[in-house]
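Fold and contact review
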Amino acid sequence: MSLRNGGHVRWAFDLTSWRPCLTDLLLATSCIQPEEKARLAKFVFRDDFNASLIGRLMMRRFVHLATGLQYDQIQFDRDLKGKPFLKNEGYVIDFNVSHQGRYSVLAGLVTARDELTDRRAPKIGVDVMKIEYSGGKPLGEFFRLMNRNFSDDEWRYIKGQSSEAEQLEAFMRNWCLKESYVKNVGVGITVDLRKISFSIGSKVLDTKKVVCDSTLKLNDELLKDWRFEESLIDKDHCVAVALENFPLDADLTENCFEVIGFDALIEGHKPLLAIDENYCDVIINKEYKRSK
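What counts and how
Residues numbered from 1 in each chain as written. Predicted model: local features only at pLDDT ≥ 70, side-chain atom pairs only at ≥ 80, totals over all residues. Heavy atoms only, no water. Helix = DSSP H or I, 4+ residues; strand = E, 2+ residues; numbered from the N terminus. Rg over C-alpha atoms; globule rule 2.2 N^0.38 Å. Buried < 20%, exposed > 50% of the residue type's maximum accessible area, 1.4 Å probe, protein only. Areas by Shrake-Rupley, 256 points an atom, 1.4 Å probe, with all protein chains shown as cover. Lys, Arg positive; Asp, Glu negative; His and termini not counted. Charge placed at Lys NZ, Arg CZ, Asp CG, Glu CD. Salt bridge = Lys/Arg side-chain N within 4 Å of Asp/Glu carboxyl O. Domains from an automatic or database assignment. Contact = heavy atoms within 4.5 Å. Buried area = accessible area lost by both parts, 1.4 Å probe. Polar contact = N/O pair within 3.5 Å; in protein donor to acceptor, adjacent residues only side chain to side chain. Expected span 1.5 Å × (residues − 1). Pairing = 2+ DSSP bridges. Disulfide = S-S within 2.5 Å.

On to the overall build of the protein chain. Helix and strand counts for the protein chain come out as 8 helices and 12 strands. Over its C-alpha atoms the protein chain spans a radius of gyration of 19 Å, differing by no more than 12% from the 19 Å that the globule rule assigns to 292 residues. Reported as C-alpha extents along the three principal axes, the dimensions of the protein chain are approximately 55 × 50 × 35 Å. The buried share of the protein chain, taken over its 292 residues, is 49%. Within the structure as shown, the protein chain displays about 14300 Å² of accessible surface, and the carbon and sulfur contribution to it stands at 48%. The positive charge centre, built from 42 side chains, and the negative charge centre, built from 45, are 3 Å apart in the protein chain.

In structure tokens form, the structure reads like this:
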């Protein structure tokens, strides 16, 4: 686990491989801030709790590697739109987390101050989607119900694929791209998603190479200061990263997501809070939504 050229990290954590025992849970929940701990306790199911907990641990690990701040010195806060940010001053850093399917993911970026003489600090957003449909209705009916979430151009691309499997993958790619964009700007999916229209570049995604040739029009205007990374974590999960104000000539093709484990995530940790057995006993008794 380390920063890549340009100060990037791209991490994925396989949630299905992690059913934490009480010892791991005691350790993990001592390494997050009190308000984060209280927020996580509201989840009904263990799946959602675990995914969000891992997201918080990835944020803290990334900031530690990027800044040298010790775990117990790092302070996160949320902006008015609810997006977490680093409260410690003196660092040009941005990150975003997401979880869906079997993965929690983090995309992070550190920028040297001397690189910002003529541009604003880059911002980042990330989303991951499992490429599956299990809604029960025929896929065409599902598309009809989702009609208002895509532009006419996007629907032409999605429905223009030769098989239902390819149509579903195209749908999930477009959705993943939209989510990465709205998570970057912090508006959520409350905006009119038909005004956010992507044009897909490379048709095929890979686990070993990132493509960056999809483009975005907002209100029919091409956004020139944005770049979008796309790749697969595995054959069933696509992931998209939205970068604003990032150099257009930078090579991002090697920014594939690295699958990390719990031990690497907590390496060098310093607890913020006292061990809380009562809290963890409650969490241990929460049910999982899905089988392992």
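That covers the picture; the talk isn't over yet.
A few words now on the pattern of salt bridges. Under the criterion given, the structure shown has 15 salt bridges. The residue Lys 130 makes a salt bridge to Glu 132 at a minimum N-O spacing of 3.5 Å.

Residues apart from glycine generally show negative phi values, whereas peptide bonds are mostly found in trans. Residues other than glycine seldom take positive phi values, yet Asn 219 does so here, at roughly 55 degrees. Examined against the element boundaries, Asn 219 turns out to sit in the loop between β8 (215–218) and β9 (221–222). Located in the positive-phi region is Asn 245, a residue other than glycine, with phi close to 65 degrees. Owing to a relative accessible area of 10%, Asn 245 belongs among the buried residues under this scheme.

This part covers the domain arrangement of the protein chain. Once the domains are mapped, the protein chain shows domain 1 (1–116 + 253–291) and domain 2 (123–244). Here domain 1 and domain 2 have C-alpha centroids that lie 25 Å from each other. Facing the 23 residues of domain 1 at the interface are 25 residues of domain 2. Across the interface of domain 1 and domain 2, roughly 1900 Å² is buried in total on both sides, 62% from carbon and sulfur atoms. In this assembly, domain 1 and domain 2 are joined by 1 salt bridge. Between Glu 229 and Arg 10 there is a salt bridge whose closest N-O contact spans 2.8 Å. Linking domain 1 with domain 2 are 13 residue pairs in polar contact (both at pLDDT 80 or more). Those elements giving two or more residues to the side of domain 1 that touches domain 2 turn out to be β1 (8–14), β4 (93–100) and β5 (103–110).

Attention now moves to helix α6 (residues 164–185). The end-to-end C-alpha distance of α6 is 32 Å, a good match for the 32 Å that 22 residues give at a rise of 1.5 Å each. Of all 22 residues in α6, 16 are buried; the element is thus mostly enclosed. A positive phi of about 80 degrees marks Gly 186, the residue just after α6.

Below, the discussion takes up the sheet that holds β9. The antiparallel open sheet is built from 3 strands, whose spatial order is β7-β8-β9. Looking at strand neighbours, the two that pair on one side only are β7 (196–199) and β9, the edges of this open sheet. In the sheet, β7 pairs with β8 via 4 bridges, with the strands oriented antiparallel. Looking across to β8, one finds that Phe 198 is bridged to Leu 216.

Turning to the state of the cysteines, a few remarks are in order. Covalent bonding between the sulfur atoms of two cysteines is what defines a disulfide. In total, this model carries 0 disulfides according to the counting rule given. Counting only cysteine sulfurs, Cys 256 is the nearest neighbor of Cys 212, a cysteine outside any disulfide, at a range of 9.9 Å. The class for Cys 212 is partly exposed, based on a relative accessible area of 24%.

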